[in-house]
Amino acid sequence: MSEDSADDHRPSSPLVLRVRQILNSCSKLIEGGDSHQSENSVSELVNFLETISDAALSDPDNVDAHNDALDVLLEIHGYLCSPSSDQEVIDALSLVLPKTVAKFACVSDRCLEIADSVIDRFIAMCNPRDMLSILCEALSKTIKASAYVAPLLSGLSKVFLSIQRRHFEQVKVAVPVIVSVLKVISSEPEDGDTEIDGLFDRAVGIANSIHEVCTKLEGIVNEKLRALLVLYVLQIMALVSVSMFCKRSSCHQLVSRLSCFYPYCSISYFGLITGSDVDKMTNIVTGENEDNYMSCLSYVKHGASLSVIWGNILDGVAQAANEDLTAVKDELRSNQTERWQAVGMLKHIYSFVNLPWELKKHAIDFLLCITDENISQKCDEHIDFSSYMPGLFAALQAIKMVIMYAPDTVLRKLSFDAFKRVLADIPTSQRFDILKALITNSDSSSMIAILIDLVKGEMYMENRKRISTGNNEAQQTGNKECPNPFCWNASVLELVEFILRPPQGGPPSLPEHGDAVLSALNLYRFVLITESTGKTNHTGVLSKENLQKAYNEWLLPLRTLVTGIMAENGNDCDQLAFDAVCTLNPVELVLYRCIELVEEKLK
């Protein structure tokens, strides 16, 4: 700091003298009313300053260039602070200099400090509403450096406090610009950009300013601005979780500071994890005709879920939010529809590509906690279950991606356990449709095989239950239909056909789809044997028409394909050929068993 102070008092360099000359020229032309020449003079100043900042930024080791940048920045600041400076001149410079000065902030910490002071001076001297527009315009530029954005963010936080009317409307205009630039910088940080924590510190400062404005307002304006504050905080919570997780101490402090806003805004963890508070705040902010506004706040539901997960990880965060996680989890365990809402919110974490895996693991742990063996599956019979199914399907899709791509086996296993628990929590009448949709929307042969095995497991358990209870209802109907619509119906054969005779025609592609084909054959064999042994035909698998269809359209074409591939690769010593044979060996074994069973039934 002492070296920087010494730099402040160096003799004026030629560059400083040139800046001083241009500033004096601008002043005379503006005061003289020559608008055309004054615009040219201001443009000349901007171009000259950008030349100096570019020189310093292009060569970080050039001490002279850095000193030049600091000198001219100090000259600008001194001019603005001079009692003799004309207000009309300052107004004209305020239109262009904040953006130009912010670029100097990337040169050094000292330049950042002076850039802050220059923008603060403009805010103190100029109309707040004008400065809001100027700073937002500067912020929307494409320079992806934290230091460039930092003084502009601090400036906005001070402008918010200076606005005298239409507070909600003014802040609402600025928030999309702020969160958009934060999203870009946090997702695509420049090499060597080490100031991201300071940037988010200033982002929290903006939240503090909005909060301070809220405390001075009443009625509907207060309600709307508080709702906007919540959405802003949730968006920042998500960005902090992505960008700052590796910096544990800084991240935890930021998360705690953000969580402190929830009590003031009457936001609860329960409302966040079920999404009810998010929907309420969104409706207050957007009204009926501005849904497009939320496109800039696309991470608010991610932030809502993450807020609760952070509270579950760190006691200090829950305390900052004034929340009791135990009570929240107990409530979710005891109410199925609210639990479904929570699962629907947690999907935003599981599908968040840039989120650290460790946070996803914590979210999986939370899901396992609220879906343990003691949960209640009692629902109001008048509730429309179908309205919850899209959210549960999307959640299962998201968990499926964690199962497939998690880097360690522990997380994959935990995710699969969570997947099965969510599936078991779905009403029986909807469960098969969900599984079928997951299978038909999957591109992974291994995942399809796992899902088909789950279908077979459900069918096995249902069959055992039917046998153990004597299946009185089925006996009363003459064994012509299954009392429970799940699994034991014709839809199972449609599922098998989807794998063995894909919609695009022809047999499945082998050996790449070998896992799925093997599971489908095992499912078909299981259904065929079970229906034969039990002397039932709930699925229609034993009808002559279905047997002939399976034989001619599924099994024989598949046999031709498998035998051809086996013959082609059987004597080949290539590793790929060896892998193909190993994949198809179990397929061939089960396939021939299915053919034998069908031929026996067709006799």
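Residues numbered from 1 in each chain as written. Predicted model: local features only at pLDDT ≥ 70, side-chain atom pairs only at ≥ 80, totals over all residues. Heavy atoms only, no water.

**What to know about the overall build of the protein chain**
Alright, step 1. A count of helices and strands for the protein chain gives 30 helices and zero strands.
Alright, step 2. The C-alpha radius of gyration computed for the protein chain amounts to 33 Å, which surpasses the reference 25 Å derived for 603 residues by more than 25%, pointing to a less compact arrangement than a globule.
Alright, step 3. Seen through its principal axes, the protein chain has C-alpha atoms that stretch 110 × 65 × 45 Å.
Alright, step 4. The proportion of buried residues among the 603 residues of the protein chain is 50%.
Alright, step 5. Long-range pairs, those at least 24 residues apart, make up 76% of the contacts in the protein chain between residues at least 6 apart in sequence.
Alright, step 6. Accessible area of the protein chain: about 27200 Å², with a carbon and sulfur share of 49%.
Alright, step 7. Averaging the positions of the 53 positive and the 79 negative side-chain charges in the protein chain gives two centres separated by 8 Å. (Helix = DSSP H or I, 4+ residues; strand = E, 2+ residues; numbered from the N terminus. Rg over C-alpha atoms; globule rule 2.2 N^0.38 Å. Buried < 20%, exposed > 50% of the residue type's maximum accessible area, 1.4 Å probe, protein only. Contact = heavy atoms within 4.5 Å. Areas by Shrake-Rupley, 256 points an atom, 1.4 Å probe, with all protein chains shown as cover. Lys, Arg positive; Asp, Glu negative; His and termini not counted. Charge placed at Lys NZ, Arg CZ, Asp CG, Glu CD.)

**Quick look at the environment of Phe168**
Alright, step 1. Locating Phe168 in the fold gives a position in helix H10 (residues 167-187).
Alright, step 2. In this structure Phe168 comes out as buried when scored by relative accessible area, which is 5%.
Alright, step 3. As a C-alpha pair, Phe168 and Tyr460 span 292 residues in sequence and 59 Å in three-dimensional space.

**So, the packing of helix H23 (residues 409-424) against helix H24 (residues 428-440)**
Think of two packed helices as two axes; the pair is described by the angle between the axes and how far apart they sit.
Alright, step 1. For the pair H23 and H24, interaxial distance at closest approach is 10 Å and the crossing angle is 140°. As far as their axial angle goes, H24 and H23 are oblique. Judged by residue contacts, Phe419, Leu423 and Ala424 of H23 engage Arg431, Ile434, Leu435 and Leu438 from H24.
Alright, step 2. For the contact of H23 with H24, the per-class residue count stands at six nonpolar, no polar and one charged. (Axes fitted to C-alpha atoms, helices over the stretch in contact; angles between N-to-C directions. Parallel < 35°, antiparallel > 145°, perpendicular 65-115°, else oblique. Nonpolar A, V, L, I, M, F, W, Y, C, P; charged D, E, K, R; others polar.)

**Re the packing of helix H4 (residues 63-81) against helix H6 (residues 97-104)**
Alright, step 1. Where H4 contacts H6, the axes come no closer than 10 Å and their chain directions differ by 145°. Along this stretch, H4 crosses H6, giving a crossing that reads as left-handed. For the pair H4 and H6, the contacting residues are Ala69, Val72, Leu73 and Ile76 in the first and Leu97, Val101 and Phe104 in the second.
Alright, step 2. Considered class by class, the residues forming the contact of H4 with H6 number seven nonpolar, no polar and no charged. (Left-handed = near helix turned anticlockwise from the far one by under 90°.)

**A short note on a negative patch on the surface**
Alright, step 1. Residues Glu31, Glu88, Asp91 and Asp130 make up a contiguous surface patch of negative charge.
Alright, step 2. Relative to the assigned elements, Asp91 resides in helix H5 (residues 87-94). (Patch = residues over 30% accessible without salt bridge, like charges linked within 9 Å, V, L, I, M, F, W, Y side chains within 5 Å. Salt bridge = Lys/Arg side-chain N within 4 Å of Asp/Glu carboxyl O.)

**Some words on the confidence of the model for the protein chain**
Alright, step 1. With 90% of its residues at a pLDDT of 70 or more, the protein chain has an overall mean of 88.
Alright, step 2. Counted against residues more than four places away or in other chains, residues 1-8, with its pLDDT under 50, gives nine contacts.
Alright, step 3. A low-confidence stretch, residues 477-485 stays under pLDDT 50, and its non-local contacts, those more than four residues away or across chains, total 16 contacts. (pLDDT = per-residue confidence, 0-100.)

**Structural notes on the pattern of salt bridges**
Alright, step 1. This structure, assessed with the given rule, holds 20 salt bridges.
Alright, step 2. When the shortest N-O distance is used, the salt bridge between Asp330 and Arg333 registers 2.7 Å. One end of the pair is Asp330 and the other is Arg333, both in helix H19 (residues 325-334) and three residues apart, which spans about a single turn.
Alright, step 3. Judged by relative accessible area, which is 39%, Asp330 ranks as partly exposed.
Alright, step 4. Asp425 is the salt-bridge partner of Arg339, the closest N and O atoms lying 2.8 Å from each other. On the criterion of sequence distance, the pair formed by Arg339 in helix H20 (residues 336-350) and Asp425 in the loop between H23 and H24 is long-range, its members being 86 residues apart.
Alright, step 5. In this structure Asp425 comes out as buried when scored by relative accessible area, which is 2%.

**Some remarks on the packing of aromatic side chains**
For any pair of aromatic rings, geometry is given as the distance between the ring centres together with the angle between the planes.
Alright, step 1. Overall, the coordinates contain five aromatic pairs when judged by the stated rule.
Alright, step 2. Look at Phe245 and Trp310: their rings are 5.9 Å apart centre to centre, the planes differ by 45°, and that puts the pair in the tilted class. With Phe245 in the loop between helix H12 (219-243) and helix H13 (248-259) and Trp310 in helix H17 (residues 300-313), the pair connects residues that are 65 residues apart, well separated along the chain. Here the two residues Phe245 and Trp310 agree in accessibility, since each one is buried.
Alright, step 3. The interplanar angle of 50° and the centroid separation of 6.0 Å between the aromatic rings of Trp488 and Phe526 together place this pair among those described as tilted. Taken together, the residues Trp488 in the loop between helix H26 (472-476) and helix H27 (491-500) and Phe526 in helix H28 (residues 514-534) connect sequence positions 38 residues apart.
Alright, step 4. When its relative accessible area of 17% is taken as the criterion, Phe526 is described as buried.
Alright, step 5. Lying over the aromatic face of Tyr299, Lys183 brings its terminal NZ or CZ to 4.6 Å of the ring centre.
Alright, step 6. Sitting over the face of the ring of Trp357, Lys360 holds its NZ or CZ atom 4.6 Å from the ring centroid. (Phe/Tyr/Trp six-rings, centres within 6.5 Å; stacked < 30°, edge-to-face > 60°. Lys NZ or Arg CZ within 6 Å of the ring centre and 35° of its normal.)

**What about the state of the cysteines?**
Alright, step 1. The full count for this structure, using the stated rule, is zero disulfides.
Alright, step 2. Cys296 supplies the cysteine sulfur nearest to Cys136, a cysteine that is in no disulfide, at a spacing of 12 Å.
Alright, step 3. Owing to a relative accessible area of 10%, Cys136 belongs among the buried residues under this scheme.
Alright, step 4. Not engaged in a disulfide, the cysteine Cys265 finds its nearest cysteine sulfur in Cys214; these two sulfurs lie 6.5 Å apart.
Alright, step 5. With a relative accessible area of 4%, Cys265 lands in the buried category. (Disulfide = S-S within 2.5 Å.)

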